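Descriptive analysis of the structure
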Amino acid sequence: MTIANKLKHRKAIQNNHDDVLGLLENLISEKSTLDNNVAIDNCYKIVLSYLKGLPFQHKFSVEDELKSLIIDFGKTADSQPSLIFLGHVDVVPCNTDWSTDPFKLTKKSEYLFGRGVTDMKGGIACFLKALKMLIINNEINGKHIQIILTGDEEVGSDRGTKALINKGLVEGSSAICGEPTNLNIYNGSRGLIWGEVVIFGKSGHAGFGTDFFNPIEKLAEVINELSKFDLKMTHIEFPNSNSKINITTLYTENTTLNTIPYSTTFGFDLRILPGIQIRDLKTKISLFLDSIINEPFSYELSFIREWPAYYLDKNNNFLTTTLHQLNQVNPINILDVDQASDDSSWLAMEGIPTILYGPGDPLEAHSSNEKVLLSDLLEAIEFYSLVLKNI
């Protein structure tokens, strides 16, 4: 693209973005949190309404009463998508410390506030805007583009992306996952292990506490030792990653203050790096607990969820192509990796070269007063449209 054409394209986006803000406003208004299937369905209706009049096909896939939406542009009888855009319309719940209504898109200065503006309704709106603009201008004829939208990414994707893959509904030459990346390209993502440990002691009257075995005291010891426990995971492309097991939930069965509980439970989150075997980490965790929780105490360990890590080689053709487009939009942006976990891993496990790119700071995801710069949305539209034109 010549400099003149690039500037013309950028100006067209900047001067015509009211519809993408309207789309984002409508998506934000839906409280599409876990198991609010009505709101999730409404998000799909909003998307289909935005694309009304364009030449596309769509279908729903249902898993355990939860819908996923698949939209195809340029599909022929035997074509595979040249590009998949993967997004999720579900959002995490909101705390009470918001200064604005989290489900009303609110503009303050150069920022837009609302639950999901970064994670990831903002990315969805930008990709749809880019695609719609190019289709209207007849700039991506002959290409099969697929959009996959799901409603359970925030809780593990069992009924969304993973179910679609298991049904054989996800195939393509390349993919973009629209998670917030600060407008950088991410070519890898950490995986995770979620687990839960129940520590058992001996319960009784707290007034005779020395005659019983308090599992909370043992838990305190476990927490102290966990702070020093390093699984020593390293990967050259993930230099800032730690190997820490983070305790994320704590609770006991007690309902009174004068009883030593029989058990106490904690949940944990461990982020893992590409090349690390999940089964080896599970063994290390079990051996660690064996070494510290012993008679008269006992424990039960259960693994709740696993999520694979992945890394896309820097020499991959799709990655080098998208990096070139990124340089056209903003040469100061960089190649990076995602320290969180997301649905891109599932596509990568299917052999589909996948990158992450989306508007917003990843630290805004799940935060109170979640916000995104309007200029980030416009830049994301420009990037997506360049990729679509050159894929």
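The structure we're discussing is the one just above.
The following refers to the structure shown. None of the values given here were measured: they were computed from a predicted structure.

A tally of regular secondary structure across the protein gives ten helices and 18 strands. Its C-alpha atoms give the protein a radius of gyration of 23 Å, near enough to 21 Å, the size a compact globule of 391 residues would have. Looking at the protein residue by residue over its 391 residues, the buried ones come to 54%. In the protein, 79% of the contacts between residues at least 6 apart in sequence involve partners at least 24 apart. One way to put it: in the protein the 35 positive side-chain charges average out to a point 6 Å from where the 49 negative ones average out.

Cis geometry is found at the peptide bond from Asp119 to Met120, where omega equals -20°. With respect to the helices and strands, Met120 occurs in the loop between strand E5 (111-113) and helix H4 (121-136). A cis amide bond links Glu295 to the next residue, Pro296, at an omega of 10°. As for its position among the elements, Pro296 is in the loop between helix H7 (278-292) and strand E14 (298-307). The phi torsion at Asp64 lies on the positive side, around 50°, for a residue other than glycine. Structurally, Asp64 is set in the loop between strand E1 (56-63) and strand E2 (66-73). Assessed through its relative accessible area of 57%, Asp64 is described here as exposed.

This part takes up helix H10 (residues 374-390). With 17 residues, H10 should reach 24 Å at 1.5 Å per residue; the first-to-last C-alpha distance of 25 Å fits that figure. Within H10, 14 of the 17 residues are buried, which leaves it mostly tucked inside the rest of the structure.

Under the definition given, this model contains one cavity of 30 Å³ or more. Lining the largest cavity are Val197, Leu226, Ile245, Phe266, Phe268, Ile285, Phe288 and Leu289. At the level of elements, strand E13 (263-272) and H7 are the ones that each hand at least two residues to the lining of the largest cavity. Among the elements that take part in the lining of the largest cavity, H7 stands out by supplying three residues, more than any other.

The subject of this paragraph is the environment of His17. Residue placement: His17 occurs in the loop between helix H1 (3-15) and helix H2 (18-28). Linking His17 and Cys126, residues 109 residues apart in sequence, is a C-alpha distance of 9.7 Å. Every residue in contact with His17, bar those within four places of it in the chain, is listed here: Leu374 and Leu378.

Glancing now at H7. With 15 residues, H7 extends 22 Å between its outermost C-alpha atoms, agreeing within 8% with the 21 Å of an ideal straight helix rising 1.5 Å per residue. Among all positions of H7, only Ile278, Leu281, Ile285, Phe288, Leu289 and Ile292 are buried. The buried residues of H7 occupy one face: seen down the axis, they fall within an arc of 95°. Exposed residues pointing more than 90 degrees away from the buried face of H7 are listed as Arg279, Leu287 and Ser291. Next to the buried residues of H7 lie strand E9 (191-200), helix H6 (215-226), strand E11 (245-252), E13 and E14.

Attention now goes to the sheet that holds strand E18 (residues 371-373). Sheet strands pair via backbone hydrogen bonds, and the direction of the pair is either parallel or antiparallel. What the three strands build is an open sheet, ordered E4-E5-E18; its pairing is antiparallel. Lying at the two open borders of the sheet, with one neighbouring strand each, are strand E4 (106-108) and E18. Averaged over all neighbouring strand pairs, the angle between strand axes comes to 30°, with direction disregarded. Here E4 pairs with E5 via three bridges, running antiparallel. Within the sheet, the bridge partner assigned to Lys107 lies in E5 and is Leu112. The strands touched by H10 are E4, E5 and E18; relative to E18, the strand with the most contacts, the crossing angle is about 65°.

Taken in spatial order, the four strands make up an open sheet running E11-E13-E9-E14, and their pairing is antiparallel. Two strands bound the open sheet, and with one partner strand each, they are E11 and E14. Strand-to-strand twist across the sheet, computed as the mean angle between neighbouring axes with direction ignored, equals 20°. The sheet contacts of H6 involve E9, E11 and E13, and relative to E13 the element is tilted by about 15°. The strands touched by H7 within the sheet are E9, E11, E13 and E14, with E14 carrying the most contacts at an inclination of about 160°.

Parameters at a glance
Residues numbered from 1 in each chain as written. Predicted model: local features only at pLDDT ≥ 70, side-chain atom pairs only at ≥ 80, totals over all residues. Heavy atoms only, no water. Helix = DSSP H or I, 4+ residues; strand = E, 2+ residues; numbered from the N terminus. Rg over C-alpha atoms; globule rule 2.2 N^0.38 Å. Buried < 20%, exposed > 50% of the residue type's maximum accessible area, 1.4 Å probe, protein only. Contact = heavy atoms within 4.5 Å. Lys, Arg positive; Asp, Glu negative; His and termini not counted. Charge placed at Lys NZ, Arg CZ, Asp CG, Glu CD. Expected span 1.5 Å × (residues − 1). 1 Å grid on protein atoms, 1.4 Å probe; cavity = no way out; pocket = protein on both sides within 12 Å on 5 of 7 lines; lining within 4 Å. Points joined across faces, edges and corners; volume = space filled by probe spheres on them. Arc of directions from axis to C-beta. Pairing = 2+ DSSP bridges. Axes fitted to C-alpha atoms, helices over the stretch in contact; angles between N-to-C directions.

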